[in-house]
Amino acid sequence: MQKSKNATIAIIFLILGYGLFATFKLIVKYNIAYLYIINPIVWSTLVIVLRVLLGKNTENKRLRKPIIQYTITASLVYIITYMISGLFISFGKNPFATNLKGFIINVWILGVAIVAKEYIRYKLINNVYDKDKTKIAVFISIVYVIIDIEFNRFIGFKLTPLALTKYSFQSVLPSIIKNLLFSYSAIYCSYLPAVIYEITTHFYFWLSPILPNSPWVMTAIIDTIIPFILFLYIRYIKNKLDKFRTKENIINSDPRQIIPLVIVIILAIWFAIGVFPIKPVAIASASMEKELYIGDVAIVKKCSVNDVQVGDIIEYQMDNFTVIHRIMQKSQRKGRIYFITKGDNNKSPDANEVIEDQLIGKVLFRIRYLGYPAIWIHLIEVHEAEIEGIETGK
Amino acid sequence: MKKSKKRNYAIIVLIVLLLAMAIGYAVFSSTLTISGTATGSTTWDVRFTNAVLLDASGNADTAHGTVSYTADTVTATGITLSYPGDAVNLRVTITNAGNLPAELTGYTISETNGTNGADITVTPAVAAGTTGEVIAANGTCTQDFVVKWNANSTHDSAVKNFTVTFTYQQKTNEVNIAPAHT
């Protein structure tokens, strides 16, 4: 079949229509049939139809091997990064069914669509002439991002600015980066790098008995940065093997220049969310004035009960929040350590004793004003009852 | 050394590292901190979407304490009952906002006793996992927790604080079994 831009655009619109229809309640209402029958068959059928109608495509063999190597490396780094993050935070049981039956089911209900989408992307991008490939690549990326957005998650739920921000960074931004990456590799290589990356990373989630309890910030960072760096590497190798590129152009596209900066940014964000033994905590109440003011950042060192004494300022865990107050008394009963704590600005000690299990760490020093952005975000969510609890340690 | 060989060696090193981690998990799994259902996957979104205290008539009860909730934790604070034998119900709503069916496998109730709080017990009306509570995609499920002051208590008052969390896993054989909730 001859290349056709109009036919390609029509098929992309068809995919968009199906994706939106599938996302909203029209099909979600019949979720079992959609998951097990409709969705895998629709994608498989489209693959077969395109394969029959459009035939085989010629791949760039020079780029294929290095791109696949980089992709395998990136997917392994992705998995290892996730696993290491769990060592710092904690692990939870994998909600996916990780037995053999569950794995086979997930390959069918999820894996078929993942692989099919990448094959279809490749076929459609290469069903137009070179001058239109970039436009089609961008168009199909936009459509796939729209399909990836699970609009049904917001139907019936209160869409707060914070929830929208979280979802944008955790799901939408990574989807944009990945789709641009996969479209780029479809233009210059084939569908294989996309399939390898998606299948390898998804297999980890479908097979591992445990997964890290990653905060949304960490998920957003890993899911965005790694595909982005892979995109830079693929672009670099493509420029390097392009005999028409200048040396300067090749050097400027070398991703190794930005990797140190990216690592620093990631480490800074991990420090901010408390992955390391020393962490920042924003002060949200006036209970510790004039030592700590609202908006200050207290640098807390995680420690045990043996490292703190009367007079130290400690951070301890309550049900849904943490409290930073000074130790007034330290005692031991039946082999366990108990603290009586008080905010410097409070008239009386905290209502309940602090048990040793609640101790998080000791405040080392403070940084003025740095905590305001965190407080503004937190105040969107917190109820007034919690603020009162923080003040009195209840 | 050719770039291609270097990349192959890098891949081999990463695979070895991955296998070492997998072996490390198998050896040290008993000492790893594994709690609850992991929150690392963006596919899943099962969360608390409501929590309310109810009196014996099923009406909202604000006199016996306060209840708040986040996506994964319900917190009941200052639950104070009127007399030994008195009880209130904590009704929570769990919603599956993801696209895969989820089966509730357990609840964890963490208690912090206030004054004479040990005389107050908190028990789920139906223990998750015993009836295979399944929440379909975009479905909800309500669960009651009975908060009761021991009828044999000799104290004049009792105060309880507690939190509730839940665990869940993917339900794979719901093709044949109708979900308990929709």
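Attention here is on the structure that accompanies the text. (Residues numbered from 1 in each chain as written. Chains lettered and ligands numbered in written order. Predicted model: local features only at pLDDT ≥ 70, side-chain atom pairs only at ≥ 80, totals over all residues. Heavy atoms only, no water.)

Our next topic: the overall build of chain B. In terms of helices and strands, chain B carries one helix and 10 strands. Relative to its 182 residues, chain B shows a buried fraction of 42%. Restricting to contacts in chain B with at least 6 residues of sequence separation, those with at least 24 account for 76%. Of the roughly 8700 Å² of accessible surface on chain B, 54% is carried by carbon and sulfur atoms. (Helix = DSSP H or I, 4+ residues; strand = E, 2+ residues; numbered from the N terminus. Buried < 20%, exposed > 50% of the residue type's maximum accessible area, 1.4 Å probe, protein only. Contact = heavy atoms within 4.5 Å. Areas by Shrake-Rupley, 256 points an atom, 1.4 Å probe, with all protein chains shown as cover.)

Once that is clear, we can look at the sheet that holds strand β2 (residues 46-54) of chain B. Residues and elements named next belong to chain B. Judged by pairing direction, the sheet is antiparallel, and its four strands sit side by side in the order β2-β5-β9-β7 without closing on themselves. At either margin of the open sheet sits one strand with a lone partner, and together these are β2 and β7 (120-124). Ignoring which end each strand starts from, the neighbouring axes of this sheet average 20° apart. Bridge analysis of β7 against strand β9 (residues 140-149) gives five bridges, and the strand direction is antiparallel. Within the sheet, the bridge partner assigned to I120 lies in β9 and is W149. (Pairing = 2+ DSSP bridges. Axes fitted to C-alpha atoms, helices over the stretch in contact; angles between N-to-C directions.)

Right, let's talk about the packing of aromatic side chains for a bit. All names here are of chain B. As enumerated under the stated definition, the model contains 20 aromatic pairs over all chains in all. Note on W44 and Y168: the rings are 5.8 Å apart at their centroids and 50° apart in plane angle, and the pair reads as tilted. Taken together, the residues span a long stretch of sequence, with W44 in the loop between β1 (34-37) and β2 and Y168 in strand β10 (residues 159-170) at a distance of 124 residues. With a relative accessible area of 7%, W44 lands in the buried category. Relative accessible area serves as the criterion here: at 9%, Y168 is assigned to the buried category. (Phe/Tyr/Trp six-rings, centres within 6.5 Å; stacked < 30°, edge-to-face > 60°.)

Attention shifts here to the sheet that holds strand β4 (residues 74-80) of chain B. Residue and element names in this part refer to chain B. With respect to topology, five strands assemble into an open sheet ordered β3-β4-β10-β6-β8, the strand pairing being antiparallel. Edge positions in the sheet fall to β3 (66-69) and β8 (134-135), since each of these pairs with one other strand and no more. Note: β3 against β4, four bridges, orientation antiparallel. Residue pairing in the sheet places T66 in a bridge with T77 of β4.

In this section: the pattern of salt bridges. What the rule picks out here adds up to 17 salt bridges over all chains. For R366(A), the salt bridge goes to D296(A), with nearest N and O atoms at 3.5 Å. Of the two residues, R366(A) is situated in strand β9 (residues 359-367) and D296(A) in the loop between β3 (278-282) and β4 (297-302); the sequence distance between them amounts to 70 residues. A relative accessible area of 34% means that R366(A) is categorised as partly exposed. K160(B) serves as the salt-bridge partner of E111(B), at 2.4 Å between the closest nitrogen and oxygen. Highlighted residues: E111(B) in strand β6 (residues 102-113) and K160(B) in strand β10, separated in sequence by 49 residues. When salt bridges that share partners are traced, they join K5(A), K131(A), D132(A) and K135(A) into one network. (Salt bridge = Lys/Arg side-chain N within 4 Å of Asp/Glu carboxyl O.)

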